[in-house]
Amino acid sequence: MKVVMLGAPGAGKGTQAKKMAERWQIPHISTGDIFRANIKAGTELGAKAKEYMDQGLLVPDELVVDLVVDRLQQEDCKDGYILDGFPRTIPQAEALDAALEKVNDKLDKAINIDVPDENIINRMSGRRACVQCGATYHITYNPTKVEGKCDACNADLILRDDDKPETVKKRLGVYHEQTQPLIDYYAGKGILSNIDGTIGMDEVFHSIEKVLGA
Ligand code: ADP
Ligand code: ADP
Ligand code: ZN
């Protein structure tokens, strides 16, 4: 099963993608996580990406596309994957389709998690991310067992710099302009499913299971 997760920043893509990866035993590929790992490791790619991420802007397509296409060629992707945070622009979506077509392959589903802007700022200011494994929590909606420590690996949790309200507003603008058009793009291909993302995390997961017929 090859699935793309769509939705505004903070819609719950990462939260759901993680559950899906566990449920279907396929990799969860998050371009945001890949960039943050590169920043942490001090790579050249990380340094370039950081310039854009700090400003709430998208990293240029040419720095993203090859990275993802290479990742999808790895052995663990042969039975499927969940793409979280990619594609984010029409050119990225077209590049992905072209790369898949070349090997006679295609996406099965694009799942759009729908959450209005009003809810997003609140979600983001309460989001906490693990510095080590990338797991995300929410201080109210999904708290950790021990405050400030990751349930999975016990490392420290942080409020991401780009989750501060000013940057979130900027990211929402970028989302509406550059990423939202992907909803129509995948609807046109007949593989889009819209899910209400304002309900509880478990209910959202249940809706996803339903649209995937599993
Ligand atoms: P969120 O989960 O809140 O939507 P991500 O972790 O997916 O955020 O992304 C963080 C930042 O990384 C984005 O604001 C953007 O700068 C960069 N980024 C991630 N994926 C992409 C992509 N496919 N294209 C361009 N930039 C990206
Ligand atoms: P995205 O990957 O789309 O940026 P996340 O999965 O990181 O979004 O979720 C953003 C924040 O909202 C996190 O703090 C997460 O714990 C919380 N969250 C995710 N899904 C829900 C939900 N259905 N209801 C309430 N909070 C949620
Ligand atoms: Zn962790």
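The structure reproduced in this document is the subject of the present report.

### Describing the pairing of strand S5 (residues 127-130)
Inspection of the sheet shows S5 paired to strand S6 (residues 136-138) by three bridges, in the antiparallel sense. Bridging from a neighbouring strand, Ala-129 pairs with Thr-136 of S6. Hairpin geometry of S5 and S6 is characterised by an intervening segment of five residues between the two adjacent antiparallel strands and by a positive phi of about 85° at Gly-134. Pairing analysis gives two bridges linking S5 to strand S7 (residues 157-158), with the strands arranged antiparallel. Each bridged residue has a counterpart across the sheet, and for Ala-129 the counterpart in S7 is Ile-158.

### Here we look at the site of ligand 2
The immediate surroundings of ligand 2 are formed by 19 residues, with Gly-10, Thr-15, Arg-127, Tyr-137 and Ile-199 found nearest. Arg-127 is positioned with one of its side-chain polar atoms (N or O) 2.6 Å from an oxygen atom of ligand 2. For ligand 2, a nitrogen atom lies 3.4 Å from a polar atom in the backbone of Met-201. Out of a free accessible area of 560 Å², ligand 2 has 93% covered by protein chains. For the shell around ligand 2, the secondary structure elements donating two or more residues are helix H1 (13-24), S6 and helix H9 (201-211). Grouping the constituent residues of the shell around ligand 2 by class yields eight nonpolar, eight polar and three charged.

### Considerations on the site of ligand 1
With respect to spatial proximity, 19 residues lie near ligand 1, and among them Thr-31, Leu-57, Gly-85, Arg-127 and Arg-171 are the closest. With respect to ligand 1, the side chain of Thr-31 contributes an N or O atom lying 2.7 Å from a nitrogen atom. Protein contact buries 96% of the 560 Å² of open area that ligand 1 shows by itself. Classifying every residue of the shell around ligand 1 by side-chain character gives nine nonpolar, four polar and six charged.

### A few points about helix H4 (residues 61-72)
Given a rise of 1.5 Å per residue, twelve residues ought to cover 16 Å, and the 17 Å separating the end C-alpha atoms of H4 matches this to within 8%. Among the residues of H4, Leu-63, Val-64, Val-65, Val-68, Val-69, Arg-71 and Leu-72 are the ones counted as buried. Close packing links the buried residues of H4 with strand S2 (28-30), helix H2 (31-41), helix H3 (44-53), strand S3 (81-84) and helix H5 (90-102).

### Some remarks on the nonpolar core
Ranked by internal contacts, the top residues of the largest apolar core, which has 52 residues, are Met-5, Met-20, Leu-83, Leu-96, Ile-111 and Tyr-186. Residue contributions to this core peak at six residues, all from H4. The next biggest cluster of nonpolar side chains, apart from the first, holds six residues, and it includes Cys-130, Ala-135, Tyr-137 and Ala-155.

Basis of the calculations
Residues numbered from 1 in each chain as written. Chains lettered and ligands numbered in written order. Predicted model: local features only at pLDDT ≥ 70, side-chain atom pairs only at ≥ 80, totals over all residues. Heavy atoms only, no water. Pairing = 2+ DSSP bridges. Helix = DSSP H or I, 4+ residues; strand = E, 2+ residues; numbered from the N terminus. Near = heavy atom within 4 Å. Polar contact = N/O pair within 3.5 Å; in protein donor to acceptor, adjacent residues only side chain to side chain. Areas by Shrake-Rupley, 256 points an atom, 1.4 Å probe, with all protein chains shown as cover. Nonpolar A, V, L, I, M, F, W, Y, C, P; charged D, E, K, R; others polar. Expected span 1.5 Å × (residues − 1). Buried < 20%, exposed > 50% of the residue type's maximum accessible area, 1.4 Å probe, protein only. Contact = heavy atoms within 4.5 Å. Core = buried A, V, L, I, M, F, W, Y, C linked by side-chain atoms within 4.5 Å.

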